[in-house]
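Residues per chain, in single letters:
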Amino acid sequence: MKKFIPMKLHHPLFKILTSSLIKLPTPSTISFWWNMGSILGICLITQIITGLLLTMHYTPHIDLAFYSVNHIYRNTNMGWFTRSMHANGASMFFMFMYLHIGRNLYYNSYMLIMPWLTGIIILFLLMATAFMGYVLPWGQMSFWGATVITNLFSVIPYLGTDIVQWIWGSFAISNATLNRFFMLHFLLPFILLFMMMIHLMFLHTTGSSNPININYNIDKIPFHPYFTYKDFLGFFFYLVILLSLMFWNPYLLSDPDNFILANPLVTPIHIQPEWYFLFAYAILRSIPNKLGGVIGLIMSILIFIIKPFIFNKIIKGNQFFFLNKILLFNFFNNFIMLTWLGACPVETPYVQLSQIFTFTYFTYFMLIFYSSLLWNKFLK
């Protein structure tokens, strides 16, 4: 009988864990805004666990999907809790994701190019996962939301119609569509988890940014215990918000039309996605041309990729320049206004307001560049 030998302290796995989680050199000046990354990790783990529990009772069939979700709520032990945590957890995921991106924009953390680029890929994957998950309850808004979004691929020249029918698996949204969306919604979170690991790998290679955006090693402290306690505070903050939403108003962020069984013959009066897609949806609707609207929709996220490449190393500290602050907070205001306008009906004055805020949303990236040039001259 072999004697149990505990893992030695010099074991390679132990060294990796200690160097990446315990002894990781971390800037001492980082604040609570740097907690969003760890909270997003907890969000993903929560979504994966609750999602796996829901798949045990969900039936991916157009005749049974709606009733299987109802069965989870009413008949499954703690099914209401699991389903509510999964649905509201998606909203929490996007809320902290947007806060995470906002912090990066304010403190110029996008100058860490590889963590920034992998973060944009993670955002795209998260949006795709959330969209496919929204289709699965097979309510009215799920069905018509899927119809609107998948039809956007029809703008592709020559191949658009064929690509849409290939995505549907038929000549219209059918059981094949629901099955493949369910499969992709199941697989994408694990790809998302893999991308998060790559994101962390690049982040640990370069090191975290800090509020004044100056890299110096003299003012770094171990991650544990100073920041592990801060992360636990962030986890508690996340759970308080999520559980409060679940217990007091679990349907606050849901659409009432999704409690009606999907009917291809009845179109809802006002089709709209979940709140975290509304800003992009407002941009899509504000452009009269269909192809232009789709390009605007994609570029509303893709344009963030250019941020590290239109600046240079001289911009350190320019987040404190008063003009940059004005432009950035105006950009945040544009995001909030577009989110509100995406939920408004397509009529005057909401259409005109959407066009104005869409224009200012994209001009921010040009104006911030010239503002940074002015900052450089001011330094000289």
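Residues numbered from 1 in each chain as written. Predicted model: local features only at pLDDT ≥ 70, side-chain atom pairs only at ≥ 80, totals over all residues. Heavy atoms only, no water.

Asker: Would you explain empty space enclosed by the protein in this entry?
Answerer: Throughout the structure, instances matching the rule amount to two cavities of 30 Å³ or more. In this structure, the second largest cavity encloses a volume near 60 Å³. Around the second largest cavity sit Ala-282, Arg-285, Ser-286, Leu-341, Cys-344, Pro-345, Val-346, Tyr-350, Val-351 and Ser-354, which together line it. Elements with a minimum of two residues in the lining of the second largest cavity: α10 (278-286) and α13 (350-379). In the lining of the second largest cavity, the residues fall into seven nonpolar, two polar and one charged. (1 Å grid on protein atoms, 1.4 Å probe; cavity = no way out; pocket = protein on both sides within 12 Å on 5 of 7 lines; lining within 4 Å. Points joined across faces, edges and corners; volume = space filled by probe spheres on them. Helix = DSSP H or I, 4+ residues; strand = E, 2+ residues; numbered from the N terminus. Nonpolar A, V, L, I, M, F, W, Y, C, P; charged D, E, K, R; others polar.)

Asker: Would you mind showing me how to read the side chain of Asn-88 here?
Answerer: Looking at the secondary structure, you find Asn-88 in helix α4 (residues 79-106). If sequence neighbours within four positions are ignored, Asn-88 has contacts with Leu-242, Leu-245, Met-246 and Pro-250. (Contact = heavy atoms within 4.5 Å.)

Asker: Which parts of the structure should I look at to understand the nonpolar core?
Answerer: Generally speaking, soluble globular proteins have nonpolar side chains that are buried together. If you look at the biggest cluster of nonpolar residues, it comprises 89 residues, and the most contacted ones within it are Phe-93, Phe-279 and Phe-304. Among the elements that make up this core, the one with the highest residue count is helix α5 (residues 113-135) (12 residues). Residues contacting Phe-93, with those up to four places away along its chain left out, are Leu-40, Cys-43, Leu-44, Gln-47, Leu-126, Leu-192 and Met-196. (Core = buried A, V, L, I, M, F, W, Y, C linked by side-chain atoms within 4.5 Å. Buried < 20%, exposed > 50% of the residue type's maximum accessible area, 1.4 Å probe, protein only.)

Asker: Is there a simple way to think about helix α2 (residues 36-55) in this case?
Answerer: The periodicity of an α-helix, 3.6 residues per turn, causes residues three or four positions apart to be oriented the same way. The end-to-end C-alpha distance of α2, which contains 20 residues, comes to 28 Å, matching closely the 28 Å that a straight helix rising 1.5 Å per residue would cover. Looking only at α2, the buried set comprises Met-36, Ile-39, Leu-40, Cys-43, Leu-44, Thr-46, Gln-47, Ile-48, Thr-50, Gly-51 and Leu-54. If you follow the buried residues of α2, they end up packed against α3 (65-74), α4, α8 (175-206) and α9 (228-248). (Expected span 1.5 Å × (residues − 1).)

Asker: Explain unusual backbone geometry to me, please; I cannot follow it from the model alone.
Answerer: With glycine set apart, most residues show a phi of negative sign, and most peptide bonds adopt trans. Look at the link from Thr-348 to Pro-349: it is a cis peptide, with omega at 5°. Its location among the elements puts Pro-349 in the loop between α12 (322-342) and α13. Phi at Trp-138 is positive, roughly 60°, even though this residue is not glycine. Looking at the secondary structure, you find Trp-138 in the loop between α5 and α6 (140-151).

Asker: Would you mind showing me how to read the UniProt feature "binding site: a ubiquinone" (unreviewed entry) in the protein here?
Answerer: The feature "binding site: a ubiquinone" (unreviewed entry), as given by UniProt, occupies His-204 in the numbering adopted here. The residue His-204 is located in helix α8 in this model. On the basis of relative accessible area, His-204 is assigned to the partly exposed category, the value being 33%. (UniProt positions renumbered as here; feature names shortened; annotations may be inferred.)

Asker: Looking at this structure, I do not really get the environment of Ala-282. What am I missing?
Answerer: Among the structural elements, Ala-282 can be located in helix α10. Look at Ala-282 and you get buried, because its relative accessible area is 1%. Not counting the four nearest positions on each side in its chain, Ala-282 is found in contact with Leu-338, Leu-341, Gly-342, Ser-354 and Thr-358.

Asker: What exactly am I supposed to notice about a nonpolar patch on the surface here?
Answerer: A contiguous nonpolar patch, built from Leu-52, Met-183, Leu-184, Phe-186, Leu-187 and Phe-190 and spanning about 480 Å² of accessible area, is present on the exposed surface. Broken down by element, the residue count for the nonpolar patch peaks at five residues, all from α8. Among the structural elements, Leu-187 can be located in helix α8. Judged by its relative accessible area of 41%, Leu-187 is partly exposed. (Patch = residues over 30% accessible without salt bridge, like charges linked within 9 Å, V, L, I, M, F, W, Y side chains within 5 Å. Areas by Shrake-Rupley, 256 points an atom, 1.4 Å probe, with all protein chains shown as cover. Salt bridge = Lys/Arg side-chain N within 4 Å of Asp/Glu carboxyl O.)

Asker: Quick question: what am I supposed to make of the environment of Leu-278 here?
Answerer: Here Leu-278 lies in helix α10. Leu-278 sits 57 residues away from Phe-335 along the chain, and the two C-alpha atoms are 9.4 Å apart. Every residue in contact with Leu-278, bar those within four places of it in the chain, is listed here: Gln-272, Pro-273, Leu-338, Thr-339, Gly-342 and Ala-343.

Asker: Help me out: how do you make sense of the packing of aromatic side chains in this one?
Answerer: We describe a pair of aromatic rings using the distance from one ring centre to the other and the angle between the two ring planes. Applying the stated criterion across every chain, the model contains 40 aromatic pairs. When the ring of Phe-81 is compared with that of Phe-247, the centres are 6.3 Å apart and the planes differ by 35°; the resulting orientation is tilted. A residue pair is termed long-range when its members are at least 10 positions apart, and Phe-81 in helix α4 and Phe-247 in helix α9 qualify at 166 residues. Judged by relative accessible area, which is 23%, Phe-81 ranks as partly exposed. Of note, Arg-103 hangs over the ring of Trp-34, and the distance from its end group to the ring centre comes to 4.4 Å. (Phe/Tyr/Trp six-rings, centres within 6.5 Å; stacked < 30°, edge-to-face > 60°. Lys NZ or Arg CZ within 6 Å of the ring centre and 35° of its normal.)

Asker: Can you walk me through the layout of surface pockets in this structure?
Answerer: To find the voids left in a structure, one rolls a probe of water-molecule size over its atoms. Space inside the largest pocket adds up to approximately 1200 Å³. As for the largest pocket, its lining consists of 44 residues, of which Trp-34, Gly-37, Ser-38, Leu-200 and Leu-203 are closest to the centre. For the lining of the largest pocket, the elements supplying multiple residues, two or more each, are α1 (12-22), α2, α4, α5, α8 and α9. A total of seven residues in the lining of the largest pocket trace back to one element, the largest contributor, which is α8. Of the residues contributing to the lining of the largest pocket, the split by class is 25 nonpolar, 16 polar and three charged.

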